[in-house]
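Structure at a glance
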Amino acid sequence: MSDAQLRADVVEYAHLLAARGWVANHDGNITIRLGDGHFLATPTATAKARVSLDTLLVIDDQGSKVGIAGGKPFSESSLHLAVYAARPDVRAVVHAHPPMATGFAVAGVGLDTPFIAEAVVSIGPGIPMVPFAAPGATAAAALVPYLAEHDAVLLGNHGVLTWGADVEQAFLRMELVEHLAKVALVAHQLGGVQPLPASVLPTLADARAKAGLGPRGRDAASAAAVPGAAPRNELGAIIREEIARALRGS
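Residues numbered from 1 in each chain as written. Predicted model: local features only at pLDDT ≥ 70, side-chain atom pairs only at ≥ 80, totals over all residues. Heavy atoms only, no water.

This next bit is on the overall build of the chain. Assigned secondary structure in the chain consists of nine helices and eight strands. Expressed as a percentage of its 250 residues, the buried residues of the chain come to 44%. As presented, the chain carries roughly 11800 Å² of accessible surface, and 57% of it is formed by carbon and sulfur atoms. (Helix = DSSP H or I, 4+ residues; strand = E, 2+ residues; numbered from the N terminus. Buried < 20%, exposed > 50% of the residue type's maximum accessible area, 1.4 Å probe, protein only. Areas by Shrake-Rupley, 256 points an atom, 1.4 Å probe, with all protein chains shown as cover.)

This brings us to empty space enclosed by the protein. Scanning the entire structure with this criterion turns up one cavity of 30 Å³ or more. By volume, the largest cavity is sized at about 80 Å³. Lining the largest cavity are 13 residues, with Thr 113, Pro 114, Ala 119, Pro 125 and Leu 180 sitting closest to its centre. (1 Å grid on protein atoms, 1.4 Å probe; cavity = no way out; pocket = protein on both sides within 12 Å on 5 of 7 lines; lining within 4 Å. Points joined across faces, edges and corners; volume = space filled by probe spheres on them.)

Within the secondary structure, Thr 42 sits in the loop between β2 (38-41) and β3 (57-60). Those residues in contact with Thr 42 that sit more than four places away from it in its chain are Val 10, Ala 14, Asn 29, Ile 30, Lys 48, Val 51, Leu 56, Leu 57 and Phe 74. (Contact = heavy atoms within 4.5 Å.)

The next point concerns unusual backbone geometry. The backbone of Asn 25 shows a phi angle near 55°, a positive value even though the residue is not glycine. With respect to the secondary-structure elements, Asn 25 resides in the loop between α1 (3-19) and β1 (29-35). For Asn 25, a relative accessible area of 62% puts it in the exposed group.

Further remarks concern the packing of aromatic side chains. In the structure shown here, the tally under the stated rule is three aromatic pairs. The interplanar angle of 55° and the centroid separation of 5.1 Å between the aromatic rings of Tyr 13 and Phe 171 together place this pair among those described as tilted. Placement of the pair is Tyr 13 in helix α1 and Phe 171 in helix α6 (residues 167-189), with a sequence separation of 158 residues. Of the two residues examined, Tyr 13 and Phe 171, each falls in the buried class. Following the ring pairs from residue to residue traces out a cluster consisting of Tyr 13, Trp 22 and Phe 171. (Phe/Tyr/Trp six-rings, centres within 6.5 Å; stacked < 30°, edge-to-face > 60°.)

Attention now goes to the packing of α1 against α6. Their axes nearest at 10 Å, the elements α1 and α6 cross at an angle of 15°. It follows that α1 is roughly parallel to α6 by the angle criterion. For the element pair α1 and α6, the recorded crossing hand is right-handed. Contacts between α1 and α6 involve Asp 9, Tyr 13, Leu 16 and Leu 17 from the former and Val 167, Glu 168 and Phe 171 from the latter. (Axes fitted to C-alpha atoms, helices over the stretch in contact; angles between N-to-C directions. Parallel < 35°, antiparallel > 145°, perpendicular 65-115°, else oblique. Left-handed = near helix turned anticlockwise from the far one by under 90°.)

Strand order in the open sheet formed by eight strands is β4-β3-β2-β1-β5-β8-β7-β6, and the pairing between neighbours is mixed. Each edge of the open sheet is held by one strand with a lone partner, namely β4 (65-66) and β6 (129-130). In this structure, strand β7 (residues 152-155) lies alongside strand β8 (residues 159-164), joined through four bridges in antiparallel fashion. What sits directly across from Val 153, in β8, is Leu 161. Where helix α2 (residues 77-86) meets the sheet, it contacts β1, β2, β3, β5 (92-96), β7 and β8, and its direction lies at approximately 40° from that of β1. (Pairing = 2+ DSSP bridges.)

This brings us to the pairing of β2. Direction of pairing for β1 relative to β2: antiparallel, over a ladder of four bridges. When the sheet's bridge partners are listed, Gly 35 is paired in β2 with His 38. Where β1 hands over to β2, the hairpin turn is made up of two residues, of which Asp 36 adopts a positive phi near 55°. The pairing of β2 with β3 spans four bridges and is antiparallel. From the neighbouring strand, His 38 faces β3, where its bridge partner is Asp 60.

Close contact between helix α3 (residues 99-107) and α6 brings their axes to 7 Å; oriented N to C, the two are set at 65°. Between α3 and α6, the crossing angle belongs to the class labelled roughly perpendicular. Between α3 and α6 lies a crossing whose hand is left-handed. Across the interface between the two elements, Pro 99, Met 100, Ala 101 and Phe 104 of α3 pack against Val 177, Glu 178, Ala 181, Lys 182, Ala 184, Leu 185 and His 188 of α6. When its residues are assigned to classes, the contact of α3 with α6 shows eight nonpolar, one polar and two charged. (Nonpolar A, V, L, I, M, F, W, Y, C, P; charged D, E, K, R; others polar.)

Take it as geometry only, folks, not as evidence of what the structure does.
Below, the structure written as structure tokens:
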């Protein structure tokens, strides 16, 4: 994908974060891996609705600005850089404060109970809660243990962090976390979340791996070589088929 398209994608999804009400004031940030240890990033002190091509900047793997173009680096870059360092497959990271999911994060209530089959295949059996840590290196260190197994986390007393193969996937994972939080909240009001039967979880985990997701799915995709990988626009169909097979018990 061209540099121009990557920049357009960051602007588009920054505006979507604002339009969805998942950020307020200057909250939230987006990065994309460019290669050679450089990353495209949204600027600090800028409302996401006002992010433009001119305000985007490039940072290095230490979080320092490269060149003179764009705004200033945001202070939470260490979280993004920790993801990139641990996960070579990740090309984009999104951080936001979607109200429902962030409500769970600040209440210390996790989303780690699997209760919707599709979500287990798409994002795993649960979204873990990373304990609150002071911003900077301490917060990045607290995040590291969760990176190999997960693609989304709740940040205690903070918000949500998601990552993916591109900014669209990272954004959609943010959307799914917020959706699950809404469903869980309604379920709590009606008496509590009823978890999926434990007996179906291994089958759903297999479906997740067959769709190329999660640690096993990434390993299998790597072993099979990239030329055989499914195009991104076919991934949703693959996930739906694997869910259907899992629920049929095949």
